[in-house]
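# Reading the structure
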Amino acid sequence: MEHPLIGDLSELTMEQLAEKINDLHRKLTIAHRSGNGYLCDQIRMAIESHTNKLRQRQQEQYEAAQQSFDDKIKIS
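These remarks concern the structure in this document. All values reported here derive from a predicted model rather than from experimental measurement.

### Digging into the environment of N22
For N22, the position within the fold is in helix 1 (residues 14-34). By relative accessible area, which is 44% here, N22 ends up partly exposed. The sequence separation of N22 and I47 amounts to 25 residues, and the corresponding C-alpha distance is 8.8 Å.

See the structure below:
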């Protein structure tokens, strides 16, 4: 489930998304150690939102790379 209060992630680059995911994991560790279950759930939702956007970008890059080679490689 994605976090409903996270804004538009389309403005972030893939590097920024990965950095934010790492930062959220650090915050999740702190929240878990403090025993704050509600905060852990919120951070997990934020991680999922960022991870989904990063995967979407990676998939788009992969598809773009596949299309660029379709007309260059001919296997008979």
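That shown, we press on.
### Considerations on the nonpolar core
Counting 7 residues, the largest nonpolar core consists of L24, L28, A31, C40, I43, A46 and I47. The set of elements that each furnish at least two residues to this core consists of helix 1 and helix 2 (37-70). Looking at this core element by element, the count peaks at 4 residues for helix 2.

### What to know about the pattern of salt bridges
The full count for this structure, using the stated rule, is 3 salt bridges. Close ionic contact of K27 with D23 constitutes a salt bridge, the shortest N to O distance being 3.3 Å. Placement of both K27 and D23 in helix 1 is noted, with a separation of 4 residues, approximately one turn of the helix. Judged by relative accessible area, which is 40%, K27 ranks as partly exposed. For D23, a relative accessible area of 23% corresponds to the partly exposed category. Connected through salt bridges with shared partners, the residues D23, R26 and K27 form a single ionic network.

### Considerations on the environment of Q16
Tracing the backbone shows Q16 in helix 1. Residue Q16 is classed as partly exposed on the basis of its relative accessible area of 39%. Spatially, the C-alpha atom of Q16 lies 9.9 Å from that of H50, the residues being 34 residues apart in sequence.

### Describing helix 1
The terminal C-alpha atoms of helix 1, which comprises 21 residues, lie 30 Å apart, in line with the 30 Å expected from a rise of 1.5 Å per residue. Here helix 1 has its buried residues at M14, L17, I21, L24, L28 and A31. Down the axis of helix 1, the buried set is contained in an arc of 90 degrees. They therefore lie on one face. Summarising the geometry of helix 1, the exposed residues directed more than 90 degrees from the buried face are E15, E19, I30, R33 and S34. Looking at the residues trailing helix 1, positive phi occurs at G35, about 80 degrees.

Conventions and cut-offs
Residues numbered from 1 in each chain as written. Predicted model: local features only at pLDDT ≥ 70, side-chain atom pairs only at ≥ 80, totals over all residues. Heavy atoms only, no water. Helix = DSSP H or I, 4+ residues; strand = E, 2+ residues; numbered from the N terminus. Buried < 20%, exposed > 50% of the residue type's maximum accessible area, 1.4 Å probe, protein only. Core = buried A, V, L, I, M, F, W, Y, C linked by side-chain atoms within 4.5 Å. Salt bridge = Lys/Arg side-chain N within 4 Å of Asp/Glu carboxyl O. Expected span 1.5 Å × (residues − 1). Arc of directions from axis to C-beta.

In short, geometric facts, not functional conclusions.
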